[in-house]
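One letter stands for each residue in the lines below.
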Amino acid sequence: MADTTHGALAPTYHPLPITIARAHGTHVWDTDGNEFLDFLSGYSALNFGHLHQGLVAAAMSQLRQVTLTSRAFDHDRLEEFAQRLVEVVGPLTTGGEDSLVVPMNTGAEAVETAIKAVRKWGYDVRGVPEDQATIVVADGNFHGRTTTLVGLSDDPASRDGFGPFAPGFRRVPFGDLAALADAVDDTTVAVLLEPVQGEAGVVVPPDDYWPGVRELTAQRDIALVADEVQSGLGRTGTTLACELWDVRPDLVCLGKALGGGIVPVSAVVGRPEILGVLTPGTHGSTFGGNPLACAVGIAALDLLSTGQYQARAAASGRVLKARLDALVERGLLTEARTVGLWAGIDLDPALGTGRELCEALLERGVLAKDTHGTTIRLSPPLSIVQPELEMALDILEESLLALREEQGGGAAAPGAAGEPGAGEEPGAGEKPAADGEAEGAEATPEGAAGGGTAGEVSAAAPQDDAQPQDTPADGASVEEVPTDKASAELAPADEASATEAPADEATDEATAGEVPATAATADEASDAPSATEPTTEPSSGPTTEPSSEPTTEPGPGPADATATPSAASAPSAKTPLAKRLPRRPRPSRRKAAPAPAEDGKGPAAGDATGTAEGSAPAGGTGGRSELSPTAG
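Note that this is a predicted model, so its numbers are computed, not measured.

Visitor: Which parts of the structure should I look at to understand the side chain of His143?
Guide: For His143, the position within the fold is in the loop between β5 (134-138) and α5 (147-150). At a separation of 2.7 Å, a polar atom in the side chain of His143 contacts the side chain of Asp227.

Visitor: Would you mind going over the pairing of strand β10 (residues 266-270) with me for this structure?
Guide: Along a regular strand, successive side chains alternate from one face of the sheet to the other. The buried fraction of β10 amounts to five of the five residues, a majority that puts the element mostly inside the structure. Neither face of β10 is left uncovered, since the one carrying Ser266, Val268 and Gly270 and the one carrying Ala267 and Val269 both have all their residues buried. Here strand β4 (residues 100-104) pairs with β10 via five bridges, running antiparallel. Following the sheet pairing, Leu100 is matched in β10 by Gly270.

Visitor: What's the story with unusual backbone geometry in this structure? I'm lost.
Guide: Outside of glycine, negative phi angles account for most residues, and trans bonds account for most peptide bonds. Residue Pro164 is bonded to the preceding Gly163 through a cis peptide linkage, with omega at 0°. Considering the arrangement of structural elements, one finds Pro164 in the loop between α6 (156-159) and β6 (169-172). Look at Ser41: it is not a glycine, yet its phi comes out positive at around 55°. If you trace the backbone, Ser41 turns up in helix α1 (residues 41-44). The backbone of Val202 shows a phi angle near 55°, a positive value even though the residue is not glycine. On the secondary structure map, Val202 appears in the loop between β7 (188-193) and α8 (209-219). According to the relative accessible area criterion, Val202 is buried, its value standing at 0%.

Visitor: Explain the side chain of Ser44 here, please?
Guide: Turning to its location among the elements, Ser44 is positioned in helix α1. Once residues within four sequence positions are removed from consideration, Ser44 is found in contact with Gln230, Arg235, Lys256 and Ala257.

Visitor: What am I meant to see in the sheet that holds β6 here?
Guide: Taken in spatial order, the seven strands of this open sheet run β4-β10-β9-β8-β7-β5-β6, and their pairing is mixed. The sheet terminates laterally at β4 and β6, the two strands that pair on one side only. Each strand of the sheet is rotated relative to its neighbour by a mean of 20°, with strand direction disregarded. Sheet strands touched by helix α3 (residues 78-88): β4, β9 (251-254) and β10. Its angle to β4, the strand with the most contacts, is close to 120°.

Visitor: I tried to follow the pattern of salt bridges on my own but got confused; where do I start?
Guide: If charged atoms from side chains of opposite charge come close, those side chains can pair. Tallying each qualifying case throughout the model produces 21 salt bridges. In this structure, the salt-bridge partner of Glu390 is Arg323, at a minimum N-O distance of 2.6 Å. Residue Glu390 is found in helix α13 (residues 386-406), and its partner Arg323 is found in helix α11 (residues 308-329); the two are separated by 67 residues along the sequence. Looking at Glu390, the relative accessible area reads 2%, which means it is buried. Put simply, Arg364 and Glu398 hold a salt bridge, and the shortest N to O gap is 3.2 Å. Residue Arg364 is found in helix α12 (residues 354-364), and its partner Glu398 is found in helix α13; the two are separated by 34 residues along the sequence. The network of salt bridges with shared partners includes Arg323, Arg330, Glu390, Asp394 and Glu397.

Visitor: Which parts of the structure should I look at to understand the nonpolar core?
Guide: It is characteristic of soluble globular proteins that their nonpolar side chains tend to be buried jointly. Core analysis: the biggest nonpolar cluster contains 74 residues, and Leu85, Leu324 and Leu396 have the highest contact counts within it. Among the elements that line this core, the one with the most residues is helix α10 (residues 291-305), at ten residues. Apart from the residues lying within four places of it in its own chain, the contact partners of Leu324 are Leu333, Ala336, Thr338, Ala343, Ile345, Leu378, Leu393 and Leu396. The next biggest cluster of nonpolar side chains, apart from the first, holds 31 residues, and it includes Leu149, Val189, Leu275 and Leu278.

Visitor: I tried to follow the packing of aromatic side chains on my own but got confused; where do I start?
Guide: Note on aromatic pairs: each is described by the distance of the centres and the angle between the planes. This model, assessed by the stated rule, comprises three aromatic pairs. With 5.6 Å between their ring centres and 75° between their planes, Phe174 and Tyr209 make a pair best called edge-to-face. In this pair, Phe174 is assigned in the loop between β6 and α7 (177-183) and Tyr209 in helix α8, connecting sequence segments 35 residues apart. Here Tyr209 falls in the buried class, since its relative accessible area comes to 1%. Seen from their ring centres, Trp210 and Trp245 are 6.5 Å apart, and the 15° between their planes marks the pair as stacked. Of this pair, Trp210 sits in helix α8 while Trp245 sits in the loop between β8 (223-227) and β9, placing them 35 residues apart in sequence.

Cut-offs and rules
- Residues numbered from 1 in each chain as written.
- Predicted model: local features only at pLDDT ≥ 70, side-chain atom pairs only at ≥ 80, totals over all residues.
- Heavy atoms only, no water.
- Helix = DSSP H or I, 4+ residues; strand = E, 2+ residues; numbered from the N terminus.
- Polar contact = N/O pair within 3.5 Å; in protein donor to acceptor, adjacent residues only side chain to side chain.
- Buried < 20%, exposed > 50% of the residue type's maximum accessible area, 1.4 Å probe, protein only.
- Pairing = 2+ DSSP bridges.
- Contact = heavy atoms within 4.5 Å.
- Axes fitted to C-alpha atoms, helices over the stretch in contact; angles between N-to-C directions.
- Salt bridge = Lys/Arg side-chain N within 4 Å of Asp/Glu carboxyl O.
- Core = buried A, V, L, I, M, F, W, Y, C linked by side-chain atoms within 4.5 Å.
- Phe/Tyr/Trp six-rings, centres within 6.5 Å; stacked < 30°, edge-to-face > 60°.

As structure tokens, then:
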């Protein structure tokens, strides 16, 4: 694995010892070709997975037209982007269909924009005396790294040495409605909060907190600003996290996933009375709302508009919560906080630090990142399928057991009925069903490549009805997303021509020696999903054998049984990556296929292990672990 220390870089980060060279879907490959599951997703910037083909197609198309005009001139994608944001997000704010949009680039810029807007609104509309406006924020917040925003933080690592800080902010405990009420007065123009605090470790406030904050701010004519840069756009099982409490903020700050992991895109959306005070010359950005960003942003919003990703995050989140709660009950974690497909887990300090747990996960093939001591966040792409999710959670359990053993604590003590005894590693189907979880839900569905569905992530969902339906737009919580009515359909194939791969870029990904998916029957092969339908086959693990037949769809079809090694060489979908290979002193996965030739057209003719131009990296899940694109 290549060295991750580079002499020319200022030491602003302490990365894990991995150098990523390629990525696709839920997977990344390092410079040595080793494969990993990504459970960080760029801090939610990669909600749709790496290199989603619909987003890539949108970017490539726009790259051939125009990429930057500056806001000195309009361009043909700007108003389209703003209107799409208003359609998808506007109704979730008090601005409704009349909402305005200020496009920016990064999450910090979006928050800074909101701060400027509410201050000017306070002076121009509310009549607050000049330079006396105050904004209430919360302990544990993370709104960005500008000098103003680190001044709001109570994290010494973020703020120490960077003062003096901007005045006009009051910080109160997160989740304490009484303290917030005491902090507001006639000078208060806004309350700025994250619905769920991500950097703090996925901290979820009490159920009555956000409704109480909304009532208080409405009564006092104070703007409620939701920083949804991390929590927004599907991560919590809803389009906005505020929907979990049926609350509509006045302004919402968006970023990260809005750019699909391809380009930085952010925006503030909400009440026209507030954003309308930003007139020519009072605010702007050279790159904000550039054509390339708008094209990718439109495609990302189109993916969200069906509700498929939100519902999938909610359903997958139930599996994640059940498994993590079980680890808490066994004493392997001290606490697990889960909302949608997002979790903060706390490690017992006696077992090690968050960094050490992340290194143990890395060694076994899962990428995660610690935050604040013994806490790490788990946020896989929303496109993850159940076998991948189960595998990563098996690896988490194994890593925790390894840390316990290294600290001299022995193996895990026997747990509830049905758990393995001390020193036993649970096998497939041996884990107990958690509260509310259907018996046997942990086991991989029979016929993983042909008999299951990609949406089959809810423990309570029947196997034949598992594609999650669209998340309701009326603020239903994660637990309220039904799984027994999961039959929502995407547009027919002829409506997605913009995102389909051209025939001359059709994929041919049969890779000699790769781990195959379970062989599909002839009937199953004939039912392969179209380019615009959500893929309904889970992979047989984090690596599956794509179709050996060329296809014009972004993802591969069912596995061809004639192109697979013997069944004896195919590991179970429940088998952790670490069980497939001898343990090594550093992270190591099965080698992926050789990288494409320097001309970018794939391996030389006759190289059976290569991939055709436009295909996913060899050894990846291709289109199986992501919903097929609906926009481009």
